Amino acid sequence: MAAQAVYVYKFFNELWNLILRIVGGQATETYVMLAVLKLVDVVMIANLLIMVIVGGYETFVSRIGLQGHRDQPEWLSHVNANVLKVKLATAIVGISSVHLLQMFVDVHHTPRHSLMWGTVIHMAFIVSAAILWYMSGSGAAGAVAAHAGHDAPEVHASPEPEPKPTPEPMPTPVPASAVSTPPVSIPAQSADRSAARPAVHSAFPSSAEPSAPYERPVTVPGTETRIRDAGFPSRKLLEEFDDSHPRSFDRETVVRLGKLDFVTARGNVVFVGPPGTGKTHLAVGLGVRACQAGHGVLFATAAEWAYRLTRARDGGRLAEELAALDAYPLLIIEVGYAPFDAAAAHLLFQLVAHRYERASLIVTSDCPLGRWEEIFGGAAPALVDRLAHHAEIVRIDGDRYRMRRAISSWAD
């Protein structure tokens, strides 16, 4: 900050000298151009200092509550070590460009070797910035976002698997040997089934309800592509959730979560309850809303995430994979009862730790957080600590939805 004050003084000193030369009629066109470039140079270096000051405070000291404010810098919404390094590198390239332009403007008084070395050094800055951008994972993030779901061949349980009617939604499928609890899926509550069951009583407003307590997110172009690439097991909406089914259910909290403030605040959501009580439906419903609001989302079971990270680790690109996932403001993880070995549990911990206070997670779990040592072993305490620190924990209690419908059909 002291250096920033020095550059402020230098800027006004240079500006005052330029004004005096112009008023005194001693300023040639070349001098004015060089003086203005010098002012630009000072301003760019001062901006570089501001980026370091604010970015360092945001990363290492405390959070700055500027989300959604008109004065929020564009880069502040996704500050992390890799992004900050790339931003600094591009700022240095810009400053080097101004210095090189000064040389060419005053080319008649600039030695040839200075021009040559100035150009070589500038190109070195450009190359190093490009290499840093690629190594930081920023270059890979766009490719992952564009090709999610197509980066690995399918692994089937039998040598002659039956063809599937739809492509595998996950970016990296799980091998047949992976142990996981089958994903919980709430039965579809669509129009074609409305005649076969009682009307759904939903706490979540639909677009047809003018008295809704909050407005649904404005749909951003590309929503269908984001929903398709998210890998949801099925398309569920919050408005379709039968909130009369669970015995215990915090409706107000889920209604508040539907505003997606937790995504902006980089917080987490944890749905805990027995199988078949609607956890996956609510998680997918929030994920669909996030897609409608323009956020990238990825859905997978914990076993699928572990498999994806294992492949990245075995390929020596785990850090790049974790950085590439930063392109998705929201990840959804479905945790069952099946235990993980120590290596897989540690990889899932790394995923949660990497996104801590950086991006959002929605986790559904059949097992209470206090019993996660049964699933993740020694990694459970640290994993739960980071997951639950900035999390809304929603507990759902009730009978299994599918079992209730089956018993109702048998009674009929």
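Residues numbered from 1 in each chain as written. Predicted model: local features only at pLDDT ≥ 70, side-chain atom pairs only at ≥ 80, totals over all residues. Heavy atoms only, no water.

Helix and strand counts for the protein chain come out as 15 helices and five strands. Within the protein chain, the proportion of its 412 residues that are buried is 41%. Here the analysis covers contacts within the protein chain between residues at least 6 apart in sequence; of these, 79% occur between residues at least 24 apart. (Helix = DSSP H or I, 4+ residues; strand = E, 2+ residues; numbered from the N terminus. Buried < 20%, exposed > 50% of the residue type's maximum accessible area, 1.4 Å probe, protein only. Contact = heavy atoms within 4.5 Å.)

A few words on the UniProt feature "transmembrane region" (unreviewed entry) in the protein chain. Under the feature "transmembrane region" (unreviewed entry), the UniProt entry names residues 31–57, 86–105 and 117–135. End-to-end, the C-alpha atoms of residues 86–105 are 29 Å apart, and along that stretch the chain is 100% helix and 0% strand. Span residues 117–135 is 100% helix and 0% strand, its end C-alpha atoms 26 Å apart. (UniProt positions renumbered as here; feature names shortened; annotations may be inferred.)

Let's shift gears to the sheet that holds strand S1 (residues 268–272). In space, the five strands of this open sheet follow the order S2-S3-S4-S1-S5, with parallel pairing throughout. What marks the edges here is a single partner per strand, and that holds for strand S2 (297–301) and strand S5 (391–395). Here the average twist between neighbouring strands, direction ignored, is 10°. For S1 and strand S4 (residues 360–365), the ladder comprises four bridges, and the chain directions are parallel. By the bridge assignment, Phe271 is partnered in S4 with Thr364. Strands S1, S2, strand S3 (330–335) and S4 of the sheet are contacted by helix H9 (residues 279–292), whose axis makes an angle of about 160° with S4. Together, S1, S4 and S5 form the strand contacts of helix H14 (residues 380–389), whose direction differs from that of S5 by roughly 100°. (Pairing = 2+ DSSP bridges. Axes fitted to C-alpha atoms, helices over the stretch in contact; angles between N-to-C directions.)

Moving on, we come to the pattern of salt bridges. One pass over the full model with this rule turns up ten salt bridges. Across the salt bridge formed by Arg235 and Glu224, the nearest N and O atoms sit 2.9 Å from each other. Here the residue Arg235 occupies a position in the loop between helix H6 (223–230) and helix H7 (251–257), and Glu224 occupies one in helix H6, the gap between them amounting to eleven residues. Among the residues examined, Arg235 registers a relative accessible area of 44% and is labelled partly exposed. Between Glu392 and Arg256 there is a salt bridge whose closest N-O contact spans 2.5 Å. Placement of Glu392 in strand S5 and of Arg256 in helix H7 is noted, with a sequence separation of 136 residues between them. For Glu392, a relative accessible area of 28% corresponds to the partly exposed category. A relative accessible area of 37% places Arg256 in the partly exposed class. Here the salt bridges share partners, and the residues they tie into one network are Arg308, Arg317 and Glu321. (Salt bridge = Lys/Arg side-chain N within 4 Å of Asp/Glu carboxyl O.)

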